[in-house]
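Here is what each chain is made of, one letter per residue.
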Amino acid sequence: VLSRAVFFQGLGDPEVYPRPDGEIYVTGFPDAPGPVQEAPGHVAVRDDVCAALHEAVGKTSSDLRDGRVTTRQACHLPVTSNGVPIIGRLPGTQGVYVATGHSCWGILNSPATGLAIAELILDGEATSVDLRPFEPA
């Protein structure tokens, strides 16, 4: 039974995230970066990609190969043009904050990002993380 996240290169670059309840979240086969056309919640699930992902991780583990797929979903991977997340107060607006562009690392960096954004919103500045490199332009 997996207890840690696993990242693969090749075979569609799958990422495997075990969850505390025993479920395993698997993602991979990213499309090339580009503008988002679909409205949120309307990204088409591509059965061929889901099948290829299940086949790819099945080559790495019999548990994953034999596991029951309970959910198929699709989403966009938020990336910025330079690969650096955008985190902070949106200039020229009142009370608008952003925290996006983490790419595949968002699932791992979200606790630190959430803490920093909470500090910024509640205290007026982030003290746990220096947000200057990530400020929205």
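Residues numbered from 1 in each chain as written. Predicted model: local features only at pLDDT ≥ 70, side-chain atom pairs only at ≥ 80, totals over all residues. Heavy atoms only, no water.

Caption draft 1: Fine view of the overall build of the protein. For the protein, the helix and strand inventory stands at three helices and five strands. Listing every helix and strand of the protein by position from the N terminus yields β-β-β-α-α-β-β-α. For the protein, the spread of C-alpha atoms along the three principal axes comes to 50 × 35 × 25 Å. Long-range contacts, defined as pairs at least 24 residues apart, comprise 42% of the intrachain contacts of the protein with a sequence gap of at least 6. About 9700 Å² of surface is accessible on the protein, with carbon and sulfur atoms providing 54% of the total. Taking the average location of the 9 positive side-chain charges in the protein and that of its 16 negative ones, the two points are 5 Å from each other. (Helix = DSSP H or I, 4+ residues; strand = E, 2+ residues; numbered from the N terminus. Contact = heavy atoms within 4.5 Å. Areas by Shrake-Rupley, 256 points an atom, 1.4 Å probe, with all protein chains shown as cover. Lys, Arg positive; Asp, Glu negative; His and termini not counted. Charge placed at Lys NZ, Arg CZ, Asp CG, Glu CD.)

Caption draft 2: Local environment of the environment of Arg65. Mapped onto the elements, Arg65 comes out in helix H2 (residues 62–66). As a C-alpha pair, Arg65 and Leu53 span 12 residues in sequence and 10 Å in three-dimensional space. Ignoring anything within four residues of it in the chain, the contact list for Arg65 reads His54 and Gly58. A distance of 3.0 Å separates a polar atom in the side chain of Arg65 from a polar atom in the side chain of Asp66. (Polar contact = N/O pair within 3.5 Å; in protein donor to acceptor, adjacent residues only side chain to side chain.)

Caption draft 3: Molecular detail of helix H1 (residues 47–58). Under the 1.5 Å per step criterion, the end-to-end length of H1 is 16 Å for 12 residues, consistent within 8% with the ideal 16 Å. Listing the buried residues of H1 in full gives Cys50, Leu53, Ala56, Val57 and Gly58. (Expected span 1.5 Å × (residues − 1). Buried < 20%, exposed > 50% of the residue type's maximum accessible area, 1.4 Å probe, protein only.)

Caption draft 4: Local environment of the sheet that holds strand E3 (residues 24–27). Read across the sheet, three strands follow the order E1-E2-E3 without closing on themselves; strand pairing throughout is antiparallel. Because the sheet does not close on itself, it has two edges, and the strands there are strand E1 (6–7) and E3. As judged from the four bridges shared by strand E2 (residues 15–18) and E3, these two strands associate in the antiparallel manner. Residue pairing across strands places Pro18 opposite Ile24, the latter belonging to E3. (Pairing = 2+ DSSP bridges.)

Caption draft 5: Summary view of the pattern of salt bridges. In the structure shown here, the tally under the stated rule is five salt bridges. Residue Arg19 is joined to Glu23 by a salt bridge in which the shortest nitrogen-to-oxygen separation is 2.8 Å. Among the salt bridges present, the one from Lys59 reaches Glu55, with a minimum N-O distance of 3.9 Å. The residues Lys59 and Glu55 share a single accessibility class, namely exposed. (Salt bridge = Lys/Arg side-chain N within 4 Å of Asp/Glu carboxyl O.)

Caption draft 6: Quick peek at the packing of aromatic side chains. Scanning the model with the defined rule gives three aromatic pairs in all. A ring pair is formed by Phe7 and Trp105, whose centres lie 5.3 Å apart and whose planes are at 40°; its orientation type is tilted. With Phe7 in strand E1 and Trp105 in the loop between strand E5 (97–100) and helix H3 (106–123), the pair connects residues that are 98 residues apart, well separated along the chain. With a relative accessible area of 36%, Phe7 lands in the partly exposed category. Of the residues examined, Trp105 reaches a relative accessible area of 42% and is grouped as partly exposed. A connected cluster of aromatic rings, assembled from ring pairs, spans Phe7, Tyr17, Tyr25 and Trp105. (Phe/Tyr/Trp six-rings, centres within 6.5 Å; stacked < 30°, edge-to-face > 60°.)

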